[in-house]
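The lines below spell out each chain.
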Amino acid sequence: MSDATALRLSGVSKRYPMRPQKGRFHSLKGALLRGELWRREREKGGFLALEGVNLEIEKGETVGVIGPNGSGKSTLLKLVAGILKPTTGTVEVNGRVTALIELGAGFHPEISGRENAVINGMMLGLSRADVMRRLPWIIEFSGVGQFIDQPVKTFSSGMYVRLGFAVAVAAEPEVLVVDEVLAVGDQAFAHRCLDRIAALQRHGTAILLVSHDLALVEHLANRALYLRAGSPVAYGTAASSVARYRSDVASQEAGQQLDTTSGRRWGNRAVVLDVVEVVDVTGRVTGTVRNGEPAAIRLAYTAHEEQTDFVFGVAISREDGTHVYGTNTDLDGWRPQSLAGTGEVRIEFPALELAPGRYFVDAAVHAKEGLAYDYACEVCSFLVTAPVGWPGSYAPRHRWLPSGPAMLPPLEGE
Amino acid sequence: MRPPALLVTLHRQRGLIGVLVGRELKARYRGTLFGYFWSLLNPLLLLGVYSIVFTLVIPARVPTHVPYPLFLFAGLLPWLFASGAMFDAAIVLLDNGPLLKKVMCPPEVFPAVTVLSHLVHHLLAVPVLVAGMAAAAFAGAMRFPVTIALLPLAMVPWLIAVSGLVLLISALAVHFRDIKDLLHNILNLLFFLTPIIYVPELVPAGFLRRAVLANPLTPLVELYRDVALLGTVPKLATWGWAVLVAVVCWTLGVGVFSRLRETLAETV
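Remember, predicted model here, so these are calculated numbers, not experimental data. Counting from 1, residues in each chain are numbered in the order their sequence is written. For naming, the first written chain is A and the first written ligand is 1, with later ones following in the order written. The predicted origin of the model limits local features to residues at a pLDDT of at least 70 and limits the giving and counting of side-chain atom pairs to 80 or more, whereas totals for whole chains, interfaces and linings rest on all residues.

**Concerning the overall build of chain B**
Here a helix means four or more residues in a row that DSSP labels H or I, a strand means two or more in a row labelled E, and each is numbered from the N terminus. Helix and strand counts for chain B come out as 11 helices and zero strands. Traced from its N-terminal end to its C-terminal end, chain B shows the element sequence α-α-α-α-α-α-α-α-α-α-α. The proportion of buried residues among the 268 residues of chain B is 41%. When contacts within chain B are restricted to residue pairs at least 6 apart in sequence, those whose partners lie at least 24 apart make up 77%. Here the C-beta atoms are placed from the backbone, and a residue counts as buried if at least 20 other C-beta atoms lie within 10 Å of its own, exposed if 12 or fewer do, and partly exposed otherwise. The contact criterion used here is simple: two residues whose C-beta atoms, placed from the backbone, lie within 7 Å are in contact.

Here is the structure:
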């Protein structure tokens, strides 16, 4: 495993035994005398909660895990956290894992918040000295103030989770697994939680985030894994996996069968995108756009049956999966009338103010509520060039205005 | 996980085990008036009751050269340590289930905390025995046993045996909830099968005495009482028997615990 990799899962499956009423063993007598205790659990039977998960997360990368209830998300987290052992496959972690599964789970009601914080920190793998050093920060961040020396049974539930969160994120773990508890407490504290998560991302912590809050996943995660019934359905940019999940939910609600031909493209193909391409001002297909110059994305479609409920959308993401921009006709207020036969839609950018680098285009046509007709991920790509290698994604026109003669402008032609 | 791995984990988690033992002791007596004295009060109360019963009600014919209450106390101390730790072992993993499931806490930490916190209670009670013996010696009822210097050594097999049994019970109790009730009955029987309130020589020769002597806990308790109270250095055979029991208990406990270790978090 290379140094940049924080976490790798290869072919991971988890099978839970289906327990008879009495537990894993039929009886104490059987377990001890017949030796059931010493035999490996039968590999067949039981409930396959997770199957064939391959995942590699780099340092500083955040991966969302989404899917309906019972899809194996929490099992995946517990496998990564080392709470459970995989039935097959391997889980490799580069460094220390911290799990945010249930905040304050280890708190003892009778002893003080301070002592609980120390014990909790040590359970998360910090040394006593480490915890003591971070304790002022923990108390400050949690905002429990003077109550820190009171038994935690006197804490309000908000103080309880705030202290639990503060302890868990006080250290900079190499891998953080989070189960639905990212933003706890009141609005102000929830913002501080998210701010802390962003700080950890910058620090290089790899985060595995299970959440039903799809907007949060899109916001925080670079990539997302969509699980259904224990199997990975899609793994790609957070935006595309979330869109795929939304589409599935919408189609299930509509009772329609999905065409799941590939992980990169799906939809019921009532409308098909025949061509998605980046074109320049003259309408010519191009693979390169200069920063600040106009460009357009052309979608050519065929509607196999007339549609009155449709939205065209595009999204742009960077090579590393960062979602850069996305819009659709519905967001921009266009009202669908009728779509039939073939045609094309173009979205024009008078000035494409993207930082230099390679970008991917997702294009889609779907119903307003999310049911996908045709959703194509990373269907084409283009390169943005610029005279200067600005970092980031956004590179607007700009100029520097020093107030005095402290600096001279660049020489012409440089 | 093989036995060395278990010890490696325990060593790595020694800081955590330390604070957990502290928490255990603190939390147990938080809000109580007598605090740590409760850990003395329990054995003292038992001592009082047994002393009255076996000196006044049914006078025991225990042929020893020490006052009977002290004899009883020196037997009760190691017994209460072991039985207390084993009772706690039956519930310790269930009680700490949230920590196993929600925090990645290595499970062997909890049996270790159980043994150590009972050991602390035990060590707090030893001075009471010493004070009692000093008082009796001063009154001329007995000679103060200098062999008490060997007590740490005599406790080693006892400690290892109890640790093994605690590991065994804690892991099994996760899978078999009836262990707790079973344990109550077994320990009750064992209490009377172990020469705590009597000496083995008092038991009629035959099946009963053989049963007492075959009881694996017998040499462990005798070892303790010989050096702590009676002032005799136990025979090499007793040491050997005690060490053998310790090794068997430890091996069994570590084996079963390691075998079931991976299943604990998902079963608890």
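There's more to say after this.
**Quick notes on the overall build of chain A**
A tally of helices and strands in chain A yields eight helices and 18 strands. Here chain A, with 414 residues, has 41% of them falling under the buried criterion. Expressed as a percentage of contacts within chain A between residues at least 6 apart in sequence, the contacts between residues at least 24 apart total 73%.

**With respect to the interface of chain B and chain A**
The interface of chain B with chain A comprises 24 residues on the first partner and 29 residues on the second. Contributing elements (two or more residues each) for the side of chain B that touches chain A: helix 2 (14-29), helix 5 (97-102) and helix 11 (236-267) of chain B.

**Looking at the pairing of strand 5 (residues 97-100) of chain A**
Where a strand is regular, its side chains alternate between the two sheet faces. All names here are of chain A. With burial as the criterion, each face of strand 5 is covered, one bearing Val97 and Ala99 and the other bearing Thr98 and Leu100. Following DSSP output, two strands are said to pair if at least two bridges run between them. Inspection of the sheet shows strand 5 paired to strand 6 (residues 175-179) by four bridges, in the parallel sense. Residue pairing in the sheet places Ala99 in a bridge with Val177 of strand 6.

**A word on the sheet that holds strand 2 (residues 47-58) of chain A**
Residues and elements named next belong to chain A. Read across the sheet, three strands follow the order 2-1-4 without closing on themselves; strand pairing throughout is antiparallel. The two strands at the open ends of the sheet, each matched to only one other strand, are strand 2 and strand 4 (88-93). When the angles between neighbouring strand axes are averaged without regard to direction, this sheet yields 15 degrees. Pairing geometry for strand 1 (residues 5-16) and strand 4, over five bridges, is antiparallel. Looking across to strand 4, one finds that Leu7 is bridged to Val93. The axes are straight lines fitted to the C-alpha atoms, using for helices just the contacting stretch, and the angles between their N-to-C directions are given from 0 to 180°.

**Some thoughts on the environment of B:Ala137**
All names here are of chain B. Here Ala137 lies in helix 6 (residues 109-138). Accessibility expressed as a C-beta count within 10 Å gives 14 for Ala137, which makes it partly exposed. For Ala137, the contacting residues outside a window of four places in its chain are Met142, Arg143 and Phe144.

**What to know about the sheet that holds strand 7 (residues 206-210) of chain A**
Residues and elements named next belong to chain A. Strand order in the open sheet formed by six strands is 5-6-7-3-8-9, and the pairing between neighbours is mixed. The open sheet is flanked by strand 5 and strand 9 (231-237), the only strands paired with a single partner. Averaged over all adjacent pairs, the angle separating strand axes in this sheet is 15 degrees, with direction ignored. As paired elements, strand 6 and strand 7 share five bridges and run parallel to each other. Among the inter-strand pairings, Val175 is bridged to a residue of strand 7, identified as Ala206.

**Quick word on the confidence of the model for chain A**
Averaged over chain A, the pLDDT score is 82; the fraction of residues at 70 or greater is 88%. Of the regions scoring below 50 in pLDDT, residues 255-262 of chain A engages in 12 contacts with residues more than four places distant in sequence or in other chains. pLDDT is a per-residue confidence score from the predictor, ranging from 0 to 100.

**Considering the packing of helix 3 (residues 113-123) of chain A against helix 2 of chain B**
The description of two packed helices rests on the angle between their axes and on the distance between the axes. Orientation of helix 3 of chain A relative to helix 2 of chain B, taken along the N-to-C sense of each, is 150 degrees, at an axis distance of 9 Å. Taken as axis vectors, helix 3 of chain A and helix 2 of chain B run roughly antiparallel relative to one another. Here helix 3 of chain A and helix 2 of chain B pass one another in a crossing that is left-handed. Contacts between helix 3 of chain A and helix 2 of chain B pair A:Glu115, A:Val118, A:Ile119, A:Met122 and A:Met123 from the former with B:Gly15, B:Leu16, B:Val19, B:Leu20 and B:Arg23 from the latter. As a working rule, the residues Ala, Val, Leu, Ile, Met, Phe, Trp, Tyr, Cys and Pro are called nonpolar, Asp, Glu, Lys and Arg charged, and the rest polar, with Gly in that last group. Classifying every residue of the contact of helix 3 of chain A with helix 2 of chain B by side-chain character gives seven nonpolar, one polar and two charged. Working rule for angles: under 35 degrees goes down as roughly parallel, over 145 as roughly antiparallel, 65 to 115 as roughly perpendicular, anything else as oblique. Note: crossing handedness is left-handed where the near helix turns anticlockwise from the far helix by less than a right angle, and right-handed where it turns clockwise.

**Concerning the nonpolar core**
We define a nonpolar core as a collection of buried residues of the types Ala, Val, Leu, Ile, Met, Phe, Trp, Tyr and Cys that are connected via C-beta atoms lying within 7 Å of each other. Counting 188 residues, the largest nonpolar core has A:Val80, A:Val177, B:Ala161 and B:Ile169 as the members making the most contacts within it. At 17 residues, the largest contribution of residues to this core is made by helix 4 (residues 68-95) of chain B. Beyond its immediate chain neighbours, meaning those up to four positions away, A:Val80 contacts A:Leu7, A:Val91, A:Val97, A:Val177 and A:Leu208.

**Some thoughts on helix 2 (residues 73-81) of chain A**
All names here are of chain A. Among the nine residues that make up helix 2, nine are buried, leaving the element largely enclosed by the rest of the structure. Three or more residues of helix 2 are buried, namely Lys73, Ser74, Thr75, Leu76, Leu77, Lys78, Leu79, Val80 and Ala81. Looking one or two places after helix 2, you find Gly82, whose phi comes out positive at around 85 degrees.

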